[in-house]
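Working through the structure, step by step
Listed below, chain by chain, are the residues.
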Amino acid sequence: RDGNLWKVFNGRLKDISVGGTKIWGVNSADSIFYKTLTGNWVSVGGKLKQISVSGKDHVWGVNSADSIFRRSGNSWVNIGGKLKCVSVGEAGVWGVNSGDNIYYRTGTHGDVDGNGSGWQNIPGKLKWISSGRDIVFGVNVHDQIYYRSGITKANPIGTHWVRVSGALRYIDTYENQVWGANAQQNGFTLSVTFAPGRQQVSRWTHQTPPPKFKRVSTGGAGVWGVDTSNKIYYRSGNL
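In this report, the structure presented in the accompanying data block is examined. Quick caveat, the model's predicted, so the values are computed rather than measured. (Residues numbered from 1 in each chain as written. Predicted model: local features only at pLDDT ≥ 70, side-chain atom pairs only at ≥ 80, totals over all residues. Heavy atoms only, no water.)

Taken as a whole, the second largest pocket spans an internal volume of roughly 160 Å³. Taken together, the residues that form the lining of the second largest pocket break down as four nonpolar, 11 polar and six charged. (1 Å grid on protein atoms, 1.4 Å probe; cavity = no way out; pocket = protein on both sides within 12 Å on 5 of 7 lines; lining within 4 Å. Points joined across faces, edges and corners; volume = space filled by probe spheres on them. Nonpolar A, V, L, I, M, F, W, Y, C, P; charged D, E, K, R; others polar.)

Dropping the structure here:
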């Protein structure tokens, strides 16, 4: 069916993130671009190695020195601290540093348009992290998958990490959809069912025939990915 088709889009990116109405990405030179669903790529000043955009189209990123930036209007605001990966979503801004230590940006729960007020260390070790709807997913150095349970407005850091079956080196979540890519660059997806006080996670579904993804991202603007040669793909149809 149409929803199983991946189509190539113009341009080359090494990292991509899908927001509510826009898609953002960075290329091999750390140059930054964004586009709307119907528009062309627009170049943005600055340099980032990794970028994240939320469902409300708030944008955060980190550069080659692990410095952290937030998009405010037409400029970048430097946020104190050092991270190798940052993610912005309804669960707030989360990140991991070069030591795989995990941090939550205080005051950012609810996908607010603001800097937050400081970094709070969260127990555990992850190499990649993704902020979703009152849930945060991540993968560790062994490609083991976890999500943070118990996240609420009153307790934005949650209560504990829950192991999910499977192995991924990259993961992304939006609403109740989770996408990821494994060490062989195969794409997988699962869904999260939210019940009062808990979440239920479905089994991973292998996407065939997928491109060989190194990044895949899901958001209000659809599902997009980049392969090992930095080609850009989008998924046609609905999930």
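In terms of nonpolar packing, the biggest core is built from 34 residues, with W94, I102, I129, F137, I145, I171 and W204 touching the most fellow members. In contact with I145, not counting residues within four places along its chain, are F137, G138, V139, V162, R163, V164, S165, G166, A167, L168, I171 and W204. Residues I16, V18, F33 and A221 belong to the second largest nonpolar core, which totals 11 residues. (Core = buried A, V, L, I, M, F, W, Y, C linked by side-chain atoms within 4.5 Å. Buried < 20%, exposed > 50% of the residue type's maximum accessible area, 1.4 Å probe, protein only. Contact = heavy atoms within 4.5 Å.)

Before going further, it helps to spend a moment on the side chain of H109. Here H109 shows up in the loop between β12 (101-105) and β13 (119-125). Under the relative-accessibility criterion, H109 is labelled buried at 17%. Within the structure, the side chain of H109 is placed 2.7 Å from the side chain of D134, a separation counted as a polar contact. Residues within four places of H109 in sequence aside, it is in contact with E90, A91, G92, Y104, D134, I151, T152, K153 and P156. (Helix = DSSP H or I, 4+ residues; strand = E, 2+ residues; numbered from the N terminus. Polar contact = N/O pair within 3.5 Å; in protein donor to acceptor, adjacent residues only side chain to side chain.)

Moving on, we get to empty space enclosed by the protein. If a probe as big as a water molecule is rolled over the atoms, it shows which places are left empty. Evaluation of the coordinates by the stated rule reveals one cavity of 30 Å³ or more. Taken as a whole, the largest cavity encloses approximately 80 Å³ of empty space. When grouped by side-chain class, the residues that make up the lining of the largest cavity number seven nonpolar, six polar and two charged.

Spatially, four strands are ordered β10-β11-β12-β13 in an open sheet, and the strand pairing comes out antiparallel. One side of each edge strand has no neighbouring strand; the edge strands of this open sheet are β10 (85-89) and β13. When strand polarity is set aside, the average angle formed by the axes of neighbouring strands in this sheet is 25°. The pairing of β10 with strand β11 (residues 92-96) spans five bridges and is classified as antiparallel. By the bridge assignment for β11, S87 is matched with W94. (Pairing = 2+ DSSP bridges. Axes fitted to C-alpha atoms, helices over the stretch in contact; angles between N-to-C directions.)

Summed over all chains, the structure comprises seven salt bridges. Put simply, K127 and D143 hold a salt bridge, and the shortest N to O gap is 2.6 Å. In this pair, K127 sits in the loop between β13 and β14 (128-131) while D143 sits in the loop between β15 (136-139) and β16 (144-149), placing the two residues 16 residues apart along the sequence. Note on K127: relative accessible area 22%, which makes it partly exposed. (Salt bridge = Lys/Arg side-chain N within 4 Å of Asp/Glu carboxyl O.)

Moving on, we get to the pairing of β11. Regular strands place their side chains on alternate faces of the sheet. For β11, a buried count of five out of five residues is recorded, marking the element as mostly surrounded by other parts of the structure. Joining the antiparallel neighbours β10 and β11 is a turn of two residues. Connecting the antiparallel pair β11 and β12 is a turn made up of four residues, with D100 showing a positive phi of about 65°.

Glancing now at the environment of G55. With respect to the helices, strands and loops of the structure, G55 is situated in the loop between β6 (50-53) and β7 (59-62). Of the residues examined, G55 reaches a relative accessible area of 33% and is grouped as partly exposed. A C-alpha to C-alpha distance of 6.5 Å links G55 and G89, two positions 34 residues apart in sequence. What G55 contacts, discounting residues up to four positions off in sequence, is G19, G20, D111 and Y174.

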